[in-house]
Amino acid sequence: MRGFIERHGHAIASAARRLMTEPLTNLLTILVIALSLAVPTCLYRIISDAATMAKGQAGPPAITLFLRLGVREDQISKIRESLNHHKQVSSLDFVSPEQGLKELQHRLGTEDVLTGLDHNPLPAVLIVHPSSTDPAVLLDLQKEFSASPAVDQVKLDAEWARRLHAITHLLQEAILALALIFAAAVVIVVMNTVRLQVTAAREEIEVCKLMGASDAFVRRPFVYFGMFQMFFGGGVAIGMTELVRIAFNSLSAEWLGPYSLSFQVQSLPWLQAGGGLLLALILGWFAASSAVSTFLYRLRPR
Amino acid sequence: MTDSVPMIEINALTRRYPDGREALRGIDLQIEAGEMLFLGGPSGAGKTTLLRLIAGIDRPTSGEITLNGQPLSRLSAPALEALRKNIGMVFQEHKLLLDRSVEQNAALPLQIQGLASAEIHKRVAAALERVGLGGRANDSPLALSGGERQRLCIARALVGKPALIVADEPTGNLDTEYGEAILTLFRSFHLAGVTLIIATHDERLVQSLEGRLVHIDQGRVISDGRTLS
């Protein structure tokens, strides 16, 4: 155990020494890594919070059930009872033909809407608020309600939900693709930096190999070096994301305030920030290991 | 004649470089454990090439080197690493790490072996003392003269207490005083049973130590005898 700690202690000290040998070059590399990580993170935060806000602004989707004319009160009560106990129904509003008529009169601003008619032609209406916004679930509910003999017509107000779902899904896919591209760029940047370090330390590596150093012994300081770069790059990226968030929120308040709208991007949750740093460390390990392994392969006896 | 297996057995060894030049052309040698063997011959004779093949740094074009009964060509990477840990190497071009101190350079083989820091410090201090660099532990190799660098290289080879020392022109840059000190050091290791293979032009070195002298020229063994001591 002590040997393990000492081996890794030496490797960490060596990596730190390398990091401090060319501080400006390493700082620039860390900034490139930070930018590459911060851009997709910022976009993800903004899109994710925008989708949440859009959902809130548009209100939950609703399914309107127009009942057949002449449906009796007891039948309506049974339907309401059944819908109130439905797993997928969050809440239910009932609009009687009389209430519908009053609302129509109110909207039209006249009480003469029934002129020439001997009875109220408006049907009883049930407005169902589903518990899910998933377009597939809403379509299933629409089919289910349409099958009821008491229901004349079902109107699903899900178009906006479908569009929103499609747009946020598309944007999230685009950000994922962007994040993958940036992750690949980060790996290449770290690989190249480590490759330069390895090339500069060629003689040292050769000497170590001549003395029987294992590949792991040679690789270890460079892997720590790559992981350090990614760790600091990830840390700076979190800072950058927070700065962008603060600036964005300030601009958002300035622009949307006059329209009585509010859109504030939330801070990156600690769990996500920690997960991101861990991912960055894994990428650093992978990039540095690959760069050193390629070099070590060329040193094998021939 | 003994029944024991030689420590190193070299059979029909050839080494051809990518440019087609043949550095070794069918070397046959047997080296017993504890032997002190000098490789003599002019520059370009193939001495360094032979040392590199014995240390497992390069692979032969044909032929085989067997070390303690194990053919080098069939050794796995970890086995080759273990072998190298047991060989002390003194390079003609020193191969010192100029961004590390004298002490850190000498400590490298022990760090590779995974020894504890306290043990490394103790053994390095003793090795540096033996080669006359006891007071220079914290200096940079850049502050050392050519002879001092050579002595540091020797200290680094000895510090791991190897069973085999392979040295390429170990006294080439040493003045008389330290040359004598290094000869004494080699003699003490020889007496302790360490096998030494030394490639050298240095007649003084060859004639001051008792051992076996193998002359190589144009990649072939041209004589195999004893030194005059």
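Residues numbered from 1 in each chain as written. Chains lettered and ligands numbered in written order. Predicted model: local features only at pLDDT ≥ 70, side-chain atom pairs only at ≥ 80, totals over all residues.

In this section: the overall build of chain B. Across its full length, chain B holds seven helices and ten strands. Counting every position in chain B, which comprises 229 residues, the buried fraction comes to 42%. Intrachain contacts of chain B at a sequence separation of at least 6 include 68% that bridge at least 24 residues. (Helix = DSSP H or I, 4+ residues; strand = E, 2+ residues; numbered from the N terminus. Buried ≥ 20, exposed ≤ 12 C-beta atoms within 10 Å, placed from the backbone. Contact = placed C-beta atoms within 7 Å.)

This part takes up helix α5 (residues 146-158) of chain B. All names here are of chain B. Between its terminal C-alpha atoms α5 stretches 19 Å, which fits the 18 Å expected from 13 residues at 1.5 Å a residue. α5 sits mainly inside the fold: eleven of its 13 residues count as buried. Looking only at α5, the buried set comprises Glu148, Arg149, Gln150, Arg151, Leu152, Cys153, Ile154, Ala155, Arg156, Ala157 and Leu158. The inward-facing, buried residues of α5 abut β6 (87-90), α3 (102-113), α4 (117-130), β7 (164-168) and α6 (176-191). (Expected span 1.5 Å × (residues − 1).)

Attention now moves to unusual backbone geometry. Residues and elements named next belong to chain B. Non-glycine residue Ala12 carries a positive phi angle of around 45°. Within the secondary structure layout, Ala12 lies in strand β1 (residues 8-16). The backbone of His94 sits at a positive phi, close to 70°, despite the residue not being glycine. Along the polypeptide, His94 turns up in the loop between β6 and α3. Look at His94 and you get buried, because 20 C-beta atoms sit within 10 Å.

Below, the discussion takes up the pairing of β1 of chain B. All names here are of chain B. Pairing between β1 and strand β4 (residues 62-67): five bridges, direction antiparallel. From the neighbouring strand, Asn11 faces β4, where its bridge partner is Glu64. Note: β1 against strand β2 (residues 22-31), seven bridges, orientation antiparallel. In the sheet register, Arg15 faces β2, and the bridge partner there is Leu24. The antiparallel hairpin formed by β1 and β2 contains five residues in its connecting segment, where Gly20 sits at a positive phi of about 95°. (Pairing = 2+ DSSP bridges.)

Facing the 17 residues of chain A at the interface are 19 residues of chain B. Contributions of two or more residues to the side of chain A that touches chain B are made by α1 (2-21) and α7 (202-210) of chain A. Tallied by class, residues from the side of chain A that touches chain B come to seven nonpolar, four polar and six charged. (Nonpolar A, V, L, I, M, F, W, Y, C, P; charged D, E, K, R; others polar.)

Right, let's talk about the environment of Val125 of chain A for a bit. Residue and element names in this part refer to chain A. In this fold, Val125 is placed in strand β3 (residues 125-130). The exposure class of Val125 is partly exposed, given the 18 C-beta atoms found within 10 Å. It is 5.0 Å that separates the C-alpha atoms of Val125 and Val95, two residues lying 30 residues apart in sequence. The contacts of Val125, once residues within four sequence positions are left out, are Thr64, Leu65, Phe66, Val95 and Gly100.

Below, the discussion takes up the confidence of the model for chain A. Summary statistics for chain A give a mean pLDDT of 85 and a share of 94% for residues scoring 70 or more. Per-residue pLDDT, averaged within each element of chain A, yields its smallest value for helix α6 (residues 159-200) of chain A (81) and its largest for helix α8 (residues 215-256) of chain A (92). (pLDDT = per-residue confidence, 0-100.)

Our focus in this paragraph is the nonpolar core. Core analysis: the largest hydrophobic core is formed by 101 residues, its most contacted members being Val194, Cys208 and Ala288 of chain A together with Ile54, Ala106, Ala155 and Val166 of chain B. Per element, the largest residue contribution to this core is twelve residues, and it comes from α8 of chain A. Once you skip the residues sitting within four places of it in the chain, Val166 of chain B turns out to touch Leu51, Ile54, Ala55, Ile87, Met89 and Ile197 of chain B. Residues Ile79, Ala124, Leu138 and Phe145 of chain A belong to the second largest nonpolar core, which totals eleven residues. (Core = buried A, V, L, I, M, F, W, Y, C linked by C-beta atoms within 7 Å.)

For the rest of this paragraph, the subject is the sheet that holds β6 of chain B. Residue and element names in this part refer to chain B. The mixed open sheet is built from six strands, whose spatial order is β6-β7-β8-β3-β9-β10. Lying at the two open borders of the sheet, with one neighbouring strand each, are β6 and β10 (220-226). Across this sheet, the average inter-strand angle for adjacent strands is 15°, counted without regard to direction. Bridge count between strand β3 (residues 36-40) and strand β8 (residues 195-199): four bridges; the pairing is parallel. Within the sheet, the bridge partner assigned to Phe38 lies in β8 and is Ile198. (Axes fitted to C-alpha atoms, helices over the stretch in contact; angles between N-to-C directions.)

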